[in-house]
Structure formats: structure tokens, C-alpha cells
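Architecture at a glance
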Amino acid sequence: MTQQLSRQADRQKVEPAHARNGPISYGHRGARGHAPENTLLAFDLAFDLGADGIECDVQLSADGRIVVIHDSTVNRTTNGRGPVNGMSFEALRALDAGRLMRLPQRIPTLEETLALVWRRGGLLNLELKADTDTEAVTVAEAVAPVLNALPEDNPLRAGLLLSSFSFPAVARMRELAPWARTATLYGGRAWTGSAMIESALHLGVEAIHPHPRILTEGTIRAAHEAGLKVNVWTANRLATIRRLIAWNADGVFTDYPERMVIARRLVGVMA
Ligand code: G3P
Ligand code: MG
């Protein structure tokens, strides 16, 4: 009990995002605008800058371990070369994932990321990443048992949101962890508002995650009428963020979490 109390005391006291006005703010790949993306440094910094949660991308190493990295190769973000799913966990962990900003960092594990989000008392959007639907389903199958092992009263469960461009991966996650909240991602210009809403209702997810270029205020209204939330990626311009707040978006992913704080304050004055 004492141990539990002291562990609870380690959690930052934050007002639940849903109890406050305005969209939930997710640091996209952490505070990607300021720190190496998808690293523990970027995640902590996102919370420091006022994010309610973080978004990160998960995929599998050659030996089936879950790692947090965006691209299918390590070439852009680390000092190594090669496909993520062709390298062992040990080899991936030996790389410097902070190369882009000269801030030495390791590729995080899912467990490290969960621990950080728990410690910060925040929300987590895990994006299941892979080049093919088959691989994305495999990622879902690896992630689900880790999440299912979280104690039922662990606040991480309520704060988790799983998403993917791969709808089969989302469907598989819904089968394997039906308690977990899920969302579908949309980026291509061919997506209409009604097609996004229809696909989300078909899969039974909580939210659609469209890119701003394919989003209108009418789509947000229609999604809400259909009982869906709308979380938008990735909004970095202050004007875009202010517009999304005015449109009543439920969540915004940004590389610059402090801009959400600014935009919320400015929109409040405008109201
Ligand atoms: O999950 C939102 C966003 O991260 C999707 O695009 O390429 O940045 O993973 P990407
Ligand atoms: Mg992502």
C-alpha cells in the first residue's frame, strides 16, 4: 500500500483533458518540432510544453520486439542503415535515434513509453505502423498482449487510443483488445467526409483521424452527429490549430505542443 501511494505520488497531477474546454492536444511523435521524434526526450518535452498526450509509431524488430520509430528504415532518424523489421532488437537499441538534432537518444520500447506516459499522467495514441496490412496486423498482434497485461485499474487503459492507416490492423486490435479505444487514419485526398465516417462506423472505432487538407467543418459536424470524435493530424501552423479549435475538433496532433496552449488561450478570447 505504501509503495502504491508513493508510486501514485510520482504521477503528475493534471486536470483530465476531457474535463476542460477545447481539443485534446497530442504531441506528434512527441514534441517533434523541438526534440528528436519518437524518443523519450521528445515525449517528456511534449508534456512539459502542455500536451495532454503523445502520439508515437510502433513497429516490430526482426525478432518481434515492439519498437517506437516512424519510418520503415532507420536511415533518416538514426545513425544506422537498414529496415526496422530486418534488424534485431539489440541492433536497433545500439543506434542513436537523436541524430537529427545531435541529442543522443535510443529508440524507445513500448514498455518505456507506457512507463513515461504513466509517470506524466497523460494520454497515449499508439499508431500501429507497417508497410503492408499483413505486417500491420502482426504489429497489432504483438501490441495487444502488452496492453491486455495492464491492470484493469491502470489509468493508462482509459488514456490509450490505438490508430492505424491499416484498417485490418485496427479490426484485429478490436478483436484482441475490445476494451481499447481505436481510431482510423486518413491522409489521401480521395477520402470524402462521408467515406471516412462510413468506414469508421463500419469498424466500430471511436474516432476518425484525418489530415487537415481533407477536413472541413461540415465533416466534423457530421462525424459528431454520427457519434464519432475527430482528432486531426498534423497541425503545426497556429492559424490551422486555431481553426480546428473553432471547428470543435476533439483532438489535435502537433509537433509544437506549446502552440496548442497559445491557440486555446487566443480562441478563448475570441469567443
Ligand atoms: O497518427 C497521426 C500521424 O502520426 C499519422 O502520420 O506519418 O506522422 O505517422 P505519420
Ligand atoms: Mg504517426
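Residues numbered from 1 in each chain as written. Chains lettered and ligands numbered in written order. Predicted model: local features only at pLDDT ≥ 70, side-chain atom pairs only at ≥ 80, totals over all residues.

**A word on the overall build of the chain**
Our working rule: Counting from the N terminus, the helices are the DSSP runs of H or I reaching at least four residues and the strands are the DSSP runs of E reaching at least two. Here the globule rule reads 2.2 Å times residues to the power 0.38, and the radius of gyration is calculated from C-alpha atoms. Partly exposed residues are those whose C-beta has more than 12 but fewer than 20 other C-beta atoms within 10 Å; 20 or more makes a residue buried and 12 or fewer makes it exposed, with C-beta atoms placed from the backbone. For every residue pair, C-beta atoms are placed from the backbone, and the pair is scored as a contact if these atoms sit within 7 Å.
When helices and strands are tallied, the chain shows 11 helices and nine strands. Against the globule reference of 18 Å for 271 residues, the chain gives a C-alpha radius of gyration of 18 Å, in line with a compact fold. Going through the 271 residues of the chain one by one, you find that 45% of them count as buried. For the chain, long-range pairs separated by at least 24 residues make up 57% of all intrachain contacts whose partners lie at least 6 apart in sequence.

**Re the environment of Leu185**
Counting through the fold element by element, Leu185 comes out in strand β6 (residues 181-186). Measuring from C-alpha to C-alpha, the distance between Leu185 and Asn231 comes to 9.4 Å, with 46 residues separating the pair along the chain. Ignoring anything within four residues of it in the chain, the contact list for Leu185 reads Ser163, Ser164, Phe165 and His209.

**Describing the site of ligand 1**
So the rule is basically this: Using a C-beta atom placed from the backbone, a residue is scored as near a molecule or strand whenever that atom is within 6 Å of it. All amino acids are sorted into three groups, where Ala, Val, Leu, Ile, Met, Phe, Trp, Tyr, Cys and Pro are nonpolar, Asp, Glu, Lys and Arg are charged, and the leftover types, Gly among them, are polar.
Surrounding ligand 1, one finds His28, Glu55, Asp57, His70, Glu127, Ser163, Leu185, His209, Trp233, Thr234 and Phe253. By residue class, the composition of the shell around ligand 1 is three nonpolar, five polar and three charged.

**Re the packing of helix α2 (residues 40-48) against helix α4 (residues 110-120)**
Here is the rule: Convention adopted: a line fitted to C-alpha atoms gives each axis, helices being fitted over their contacting stretch, and angles between N-to-C directions are expressed from 0 to 180 degrees. Working rule for angles: under 35 degrees goes down as roughly parallel, over 145 as roughly antiparallel, 65 to 115 as roughly perpendicular, anything else as oblique. Crossing handedness is defined as follows: a turn of the near helix away from the far one that is anticlockwise and smaller than a right angle gives a left-handed crossing, while the clockwise case is right-handed.
Close contact between α2 and α4 brings their axes to 11 Å; oriented N to C, the two are set at 20 degrees. The angle between the axes of α2 and α4 places the two elements in the roughly parallel class. Like other packed secondary-structure pairs, α2 and α4 cross with a definite hand, here right-handed. The residues of α4 that touch α2, namely those facing Leu40, Phe43, Asp44 and Phe47, are Glu112, Thr113, Leu116 and Arg120. Among the residues forming the contact of α2 with α4, the class breakdown is four nonpolar, one polar and three charged.

**Points about helix α10 (residues 238-246)**
The cut-off we apply is this: Working note: the arc is built from the helix axis to C-beta atom directions.
Listed in full, the buried residues belonging to α10 are Ile241, Leu244 and Ile245. The arc that holds the buried residues of α10, viewed along the axis, is 100 degrees, so those residues lie on one side.

**Concerning the confidence of the model for the chain**
Put simply, the test is: Each residue carries a pLDDT score, the predictor's confidence in it, ranging from 0 to 100.
Per-residue confidence for the chain gives a mean pLDDT of 93, with 91% of residues at or over 70. Counting interchain partners and residues more than four positions distant, the pLDDT-below-50 stretch residues 1-5 has zero contacts.

**Notes on the packing of helix α8 (residues 193-203) against helix α9 (residues 217-225)**
Contact pair α8 / α9: the axes reach a minimum separation of 9 Å and the direction vectors enclose 25 degrees. Between α8 and α9, the angle falls in the class roughly parallel. The hand of the α8/α9 crossing is right-handed. On α9, the residues touching Gly193, Met196 and Ile197 of α8 are Gly218, Thr219, Ala222 and Ala223.

**Quick look at unusual backbone geometry**
Thr234 follows Trp233 through a cis peptide bond whose omega is -25 degrees. Along the chain, Thr234 falls in the loop between β8 (229-232) and α10. The residue Arg102 is not glycine, and still its phi comes out positive at about 55 degrees. The topology assignment puts Arg102 in the loop between α3 (89-93) and α4.

**With respect to the environment of Pro210**
Turning to its location among the elements, Pro210 is positioned in strand β7 (residues 207-210). Taking the number of C-beta atoms within 10 Å as the measure of exposure, Pro210 has 24 and is therefore buried. Spatially, the C-alpha atom of Pro210 lies 24 Å from that of Thr138, the residues being 72 residues apart in sequence. Ignoring any residue separated from it by four or fewer positions in sequence, one finds Pro210 in contact with Tyr186, Met196, Leu215 and Val232.

**Some points on the environment of Phe167**
Examined against the element boundaries, Phe167 turns out to sit in helix α7 (residues 167-176). C-beta crowding within 10 Å serves as the criterion here: with 17 such atoms nearby, Phe167 is assigned to the partly exposed category. Every residue in contact with Phe167, bar those within four places of it in the chain, is listed here: Thr184, Ser199 and Leu203.

**Thoughts on the pairing of strand β4 (residues 123-128)**
The side chains of a regular strand alternate between the sheet's two faces. What counts, and what does not: Strand pairing is assigned whenever DSSP identifies at least 2 bridges connecting the two strands.
Summarising burial for β4: six of the six residues are buried, a large majority. Burial along β4 is two-sided: Leu123, Asn125 and Glu127 and Leu124, Leu126 and Leu128, pointing in opposite directions, are all buried. Inspection of the sheet shows β4 paired to strand β5 (residues 160-164) by four bridges, in the parallel sense. Following the sheet pairing, Leu124 is matched in β5 by Leu160.

**A word on the pairing of strand β2 (residues 53-60)**
Filter applied, for reference: By definition, the crossover connecting two strands over a helix is right-handed if that path, from the first strand to the second, turns clockwise as seen with the strands pointing away from the viewer.
With respect to burial, β2 is a largely interior element, eight of its eight residues being buried. Residues Gly53, Glu55, Asp57 and Gln59 of β2 are buried on one face, and the alternating residues Ile54, Cys56, Val58 and Leu60, pointing to the opposite face, are buried as well. Pairing analysis gives three bridges linking strand β1 (residues 24-28) to β2, with the strands arranged parallel. What sits directly across from Tyr26, in β2, is Gly53. In this view, the connection linking β1 to its parallel neighbour β2 by way of α2 has right-handed handedness.

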